[in-house]
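Summary of structural features
For reference, the chains in residue letters:
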Amino acid sequence: MSRVVLVRGRGGPDVLHVVQREVPTPRSKAVRIRVEAAGVAFGDVMRRRGVLAPPGAFTPGYDVVGVIDAVGETVSGDWLGRRVAAMMPSVGLGGYADHVCVPADRLARVPDGVPPAEAVALGLNYITAYQLLHRFSPVRAGQRILIHGAAGGVGTALLELGEKLGLEMYGTASSAKHDLVRERGGVPIDYRSEDFVSRVAELTHGGGVDVVFDSIGGAHLRRSYQTLRPRGTLVSFGVSGDLSRGWLGVIAGFWPFL
């Protein structure tokens, strides 16, 4: 048997239930992974609370790391016993389980010596951060960026990759996490006690930043926009700030930009 986490209903951690199911069998072009670590993302929390949640009970989880213990009939047996990372084929669904089946073409080898928990952290978070920095808003050494939620998963990935690119970085975070932001090359801004728009203006001597990475969304975007230099770029990649207001709040926040 294999354990699976099911979300039943909408709410807090109490809606998470561990159930037993038959161990799945991989289809012809898929493999089965014995999961050692599953990524936990804020998107899982959003779905648990009912935002973008599928109807009925579901299993959350974007990505996993584990060892392949079975392969489909058209997959090479050389994969057996290999430690791999994989994104779940149904985006954001299925990873919280002892065993998962994924297409063989979605696998990435995990080098020996890399702990599973560290390897899974490189999946969703670092892929997202890399795409943001290199595809959606290509940046150059010396440019300034503002990262909201800089102590979160994608936020810390942005800081680490941004430091390697030679960026000047500012990040909003609670005061307890300021050392984490500093250690990764960023200048922390306390979003609870400081007005980040005024603080960015002060730190940049009125010049503003080249790019803002905003995972809060909604009405927060308007204030992020105020920190940009002329012709700067505002990148929205989340709606965490509007969870309690539902989709109406999200749409209302975006309305000035439509």
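Everything below is about the structure shown above.
Below, the structure is looked at part by part. Every value quoted in this text rests on a predicted model; they were computed, and no experiment measured them.

Notes on helix H3 (residues 124–136)
Burial in H3 covers these residues: Ala-129, Leu-132 and Leu-133. Along the long axis of H3, the arc covered by the buried residues comes to 85 degrees, so they all point the same way. Across from the buried face of H3, at angles greater than 90 degrees, the exposed residues are Arg-135 and Phe-136. Against the buried residues of H3 lie helix H4 (153–164), strand S11 (209–214) and strand S12 (228–236).

A look at the nonpolar core
Formed by 19 residues in total, the largest nonpolar core has its most connected members in Leu-133, Ile-145, Ile-147, Leu-158 and Phe-213. Residue assignment for this core shows that the elements contributing at least two residues are H3, strand S8 (144–147), H4, strand S9 (168–173) and S11. The greatest single-element share of this core, amounting to five residues, is contributed by H4. Discounting chain neighbours no more than four positions away, the residues touching Leu-158 are Ala-129, Leu-132, Leu-133, Ile-147, Met-169 and Phe-213. Counting 17 residues, the second largest nonpolar core, distinct from the first, contains Val-19, Ile-33, Val-84 and Val-102.

Focus on the sheet that holds strand S5 (residues 83–87)
Taken in spatial order, the five strands of this open sheet run S6-S3-S4-S5-S7, and their pairing is antiparallel. If you trace the sheet from one side to the other, it starts and ends with strand S6 (99–103) and strand S7 (107–109), each paired once. Neighbour-to-neighbour, the strand axes of the sheet open up by a mean angle of 45 degrees, direction not taken into account. Pairing analysis gives three bridges linking S5 to S7, with the strands arranged antiparallel. Its bridge partner being in S7, Ala-86 is matched across the sheet by Leu-107.

Re the pattern of salt bridges
As enumerated under the stated definition, the model contains eleven salt bridges in all. With a shortest N-O distance of 2.8 Å, Asp-69 and Arg-32 are connected by a salt bridge. With Asp-69 in strand S4 (residues 63–71) and Arg-32 in strand S3 (residues 30–38), this residue pair connects regions lying 37 residues apart in the sequence. Residue classification places Asp-69 among the partly exposed positions, given a relative accessible area of 30%.

Looking at the environment of Gly-152
Along the polypeptide, Gly-152 turns up in the loop between S8 and H4. Between the C-alpha atoms of Gly-152 and His-205, which are 53 residues apart in sequence, the distance is 27 Å.

Digging into the side chain of Gln-143
Looking at the secondary structure, you find Gln-143 in the loop between H3 and S8. Separated by 2.9 Å, the side chain of Gln-143 and the backbone nitrogen of Arg-140 make a polar contact. Beyond its immediate chain neighbours, meaning those up to four positions away, Gln-143 contacts Pro-138, Leu-167, Glu-168, Asp-210 and Arg-229.

Section: the packing of H3 against H4
Across the interface, H3 lies against H4 with an axial gap of 8 Å and an inter-helix angle of 55 degrees. Taken together, H3 and H4 sit at an angle that is classed as oblique. As for how H3 packs across H4, the hand of that crossing is right-handed. Residue-level contacts link Asn-125, Tyr-126, Thr-128, Ala-129, Tyr-130, Leu-132 and Leu-133 of H3 to Gly-153, Val-154, Ala-157, Leu-158, Glu-160, Leu-161 and Gly-162 of H4. Broken down by class, the residue content of the contact of H3 with H4 amounts to nine nonpolar, four polar and one charged.

Things to note about the packing of aromatic side chains
Per the counting criterion, the structure on display carries zero aromatic pairs. The lysine or arginine in question, Arg-223, covers the ring of Phe-196, its NZ or CZ lying 5.0 Å from the ring centre.

Structural notes on the pairing of S5
Pairing geometry for S4 and S5, over five bridges, is antiparallel. Its bridge partner lying in S5, Gly-66 is registered against Val-84.

Cut-offs used in this document
- Residues numbered from 1 in each chain as written.
- Predicted model: local features only at pLDDT ≥ 70, side-chain atom pairs only at ≥ 80, totals over all residues.
- Heavy atoms only, no water.
- Buried < 20%, exposed > 50% of the residue type's maximum accessible area, 1.4 Å probe, protein only.
- Helix = DSSP H or I, 4+ residues; strand = E, 2+ residues; numbered from the N terminus.
- Arc of directions from axis to C-beta.
- Contact = heavy atoms within 4.5 Å.
- Core = buried A, V, L, I, M, F, W, Y, C linked by side-chain atoms within 4.5 Å.
- Pairing = 2+ DSSP bridges.
- Axes fitted to C-alpha atoms, helices over the stretch in contact; angles between N-to-C directions.
- Salt bridge = Lys/Arg side-chain N within 4 Å of Asp/Glu carboxyl O.
- Polar contact = N/O pair within 3.5 Å; in protein donor to acceptor, adjacent residues only side chain to side chain.
- Parallel < 35°, antiparallel > 145°, perpendicular 65-115°, else oblique.
- Left-handed = near helix turned anticlockwise from the far one by under 90°.
- Nonpolar A, V, L, I, M, F, W, Y, C, P; charged D, E, K, R; others polar.
- Phe/Tyr/Trp six-rings, centres within 6.5 Å; stacked < 30°, edge-to-face > 60°.
- Lys NZ or Arg CZ within 6 Å of the ring centre and 35° of its normal.

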